[in-house]
Amino acid sequence: MNVILTCLVVAVSLSMDAFSLALIYGTYGMSRKNEIILAVIVGVFHFFMPLLGLGFGGLMLKFFNFNLELVVGVIFLIIGASMIVSSFKDEDVKVLIGILGNLLFGLSVSIDSFTTGIGLSVISNNYILVSSIFMLVSGVFTYIGLLFGNKLNSSFGKYATIGGGILLCILGVLRLF
C-alpha cells in the first residue's frame, strides 16, 4: 500500500505541469474529441517516458550532455507563439490541435517523467504498475485542465488564447534561462 501511495504522490506531482499547461492550452477552444486525444497522448507519454528513462536515460544523459530544459523551453515558445499568432487570424488555424502539436505538447509535459524514470527503481520494482499510475493520473489531470481552459475560452474568447500564449512564452523563456 505504501508503494501505491508513493506512486500516486509522484504521479500527481508529475502531472501538475500537464494540468497547468493544459489549462493554458485549453484556452485555444479545442473540441471534446481533441481534448480526449490530447489527454490520451499525454498519458501514453507519461507511461513510456519513465520506462525509457529507466532503460537508457542514465546512459544517454551520461554520453550526451544536453539540457532537457532547453528542449522544453523551445517547445513552449513555439506553441505559445503559435497561439498568439492564431488568435489574430480570421481563419481557424489548426496548428495547435494537429497531431504534431499534440505530440509536442505530450513530449514537453512528459520530460520530467523521463528523468523520474532514471530513479524509478527507488519507487518500486513493478515498473509497469508505476508507469500505469503515471499514465492514468496525467491523462486525467490533462483532461481536467483542458476542460477548465475551454471554459475560460468560452468566457473570455480570443483574450484567453492570447493570455495563454503569453504565459507559455514566459514559461519557455524561463526554462531557457
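Keep in mind it's a predicted model, so treat the numbers as computed, not measured.

**Quick look at the overall build of the protein chain**
Moving on, step 1. Secondary structure summary: the protein chain contains seven helices and zero strands in total.
Moving on, step 2. Going from the N terminus to the C terminus, the protein chain shows its helices and strands as α-α-α-α-α-α-α.
Moving on, step 3. Per-residue burial for the protein chain yields a buried fraction of 44% across its 177 residues.
Moving on, step 4. Within the protein chain, contacts between residues separated by at least 24 positions form 91% of all contacts whose residues are at least 6 apart in sequence.
Moving on, step 5. Carbon and sulfur atoms provide 74% of the accessible area of the protein chain, an area that totals close to 9100 Å².

**Quick look at the environment of Val 85**
Moving on, step 1. Structurally, Val 85 can be placed in helix 3 (residues 68–87).
Moving on, step 2. On the basis of relative accessible area, Val 85 is assigned to the partly exposed category, the value being 46%.
Moving on, step 3. Taking the C-alpha atoms as reference points, Val 85 and Gly 165, 80 residues apart in sequence, are found 8.8 Å from one another.

**Focus on helix 4 (residues 99–118)**
Moving on, step 1. Taking 1.5 Å of rise per residue, 20 residues should cover 28 Å, and helix 4 covers 28 Å from first to last C-alpha, within 8% of that figure.
Moving on, step 2. Considering bend angle alone, the principal kink of helix 4 is centred on Ser 110 and spans about 45 degrees.
Moving on, step 3. Within helix 4, the full set of buried residues consists of Gly 101, Asn 102, Phe 105, Gly 106, Ser 108, Val 109, Ser 110, Ile 111, Ser 113, Phe 114 and Gly 117.

**Some points on the packing of aromatic side chains**
Moving on, step 1. Inspection of the entire model under this criterion finds four aromatic pairs.
Moving on, step 2. Among the aromatic residues, those joined into a cluster by ring pairs are Phe 19, Phe 141 and Phe 148.

**A few points about the nonpolar core**
Moving on, step 1. In terms of nonpolar packing, the biggest core is built from 13 residues, with Leu 21, Tyr 25, Leu 38, Val 42, Phe 105, Val 109 and Leu 146 touching the most fellow members.
Moving on, step 2. Listed by contribution, the elements that provide at least two residues to this core are helix 1 (2–26), helix 2 (32–63) and helix 4.
Moving on, step 3. Sorting elements by how many residues they give to this core places helix 1 first, with five residues.
Moving on, step 4. When near neighbours in sequence (up to four residues on either side) are disregarded, Leu 21 contacts Phe 76, Phe 105, Val 109, Leu 168 and Leu 171.

**Digging into the packing of helix 1 against helix 4**
Moving on, step 1. Where helix 1 contacts helix 4, the axes come no closer than 10 Å and their chain directions differ by 155 degrees. Classified by the angle between their axes, helix 1 and helix 4 sit roughly antiparallel to one another. Considering the relative orientation of helix 1 and helix 4, their crossing is right-handed. Only Gly 101, Asn 102, Phe 105, Val 109, Asp 112, Ser 113 and Thr 116 of helix 4 make contact with helix 1, whose side of the interface consists of Val 10, Leu 14, Asp 17, Ala 18, Leu 21, Ala 22 and Tyr 25.
Moving on, step 2. Of the residues contributing to the contact of helix 1 with helix 4, the split by class is eight nonpolar, four polar and two charged.

**Quick word on the confidence of the model for the protein chain**
Moving on, step 1. When pLDDT is averaged along the protein chain, the result is 80; 82% of the residues meet or exceed 70.
Moving on, step 2. Ranking the elements of the protein chain by mean pLDDT puts helix 3 last with 71 and helix 6 (residues 127–156) first with 90.

**Re the packing of helix 1 against helix 6**
Two measures define how a pair of helices packs: the angle their axes make with one another and the distance between the axes.
Moving on, step 1. Interaxial distance between helix 1 and helix 6 falls to 7 Å at its minimum, and their mutual angle equals 30 degrees. Comparing their axes, helix 6 and helix 1 come out roughly parallel. For helix 1 against helix 6, the interelement crossing comes out right-handed.
Moving on, step 2. A class-by-class count of the residues in the contact of helix 1 with helix 6 yields 23 nonpolar, eight polar and no charged.

**Overview of the side chain of Ser 15**
Moving on, step 1. Here Ser 15 lies in helix 1.
Moving on, step 2. Within polar-contact distance, the side chain of Ser 15 engages the backbone oxygen of Ala 11 at 2.7 Å.
Moving on, step 3. Each residue touching Ser 15, except ones within four places of it in the same chain, is listed here: Val 137, Ser 138 and Phe 141.

So, how was this worked out
Residues numbered from 1 in each chain as written. Predicted model: local features only at pLDDT ≥ 70, side-chain atom pairs only at ≥ 80, totals over all residues. Heavy atoms only, no water. Helix = DSSP H or I, 4+ residues; strand = E, 2+ residues; numbered from the N terminus. Buried < 20%, exposed > 50% of the residue type's maximum accessible area, 1.4 Å probe, protein only. Contact = heavy atoms within 4.5 Å. Areas by Shrake-Rupley, 256 points an atom, 1.4 Å probe, with all protein chains shown as cover. Expected span 1.5 Å × (residues − 1). Bend = angle between axes of the 7 residues up to and from the residue. Phe/Tyr/Trp six-rings, centres within 6.5 Å; stacked < 30°, edge-to-face > 60°. Core = buried A, V, L, I, M, F, W, Y, C linked by side-chain atoms within 4.5 Å. Axes fitted to C-alpha atoms, helices over the stretch in contact; angles between N-to-C directions. Parallel < 35°, antiparallel > 145°, perpendicular 65-115°, else oblique. Left-handed = near helix turned anticlockwise from the far one by under 90°. Nonpolar A, V, L, I, M, F, W, Y, C, P; charged D, E, K, R; others polar. pLDDT = per-residue confidence, 0-100. Polar contact = N/O pair within 3.5 Å; in protein donor to acceptor, adjacent residues only side chain to side chain.

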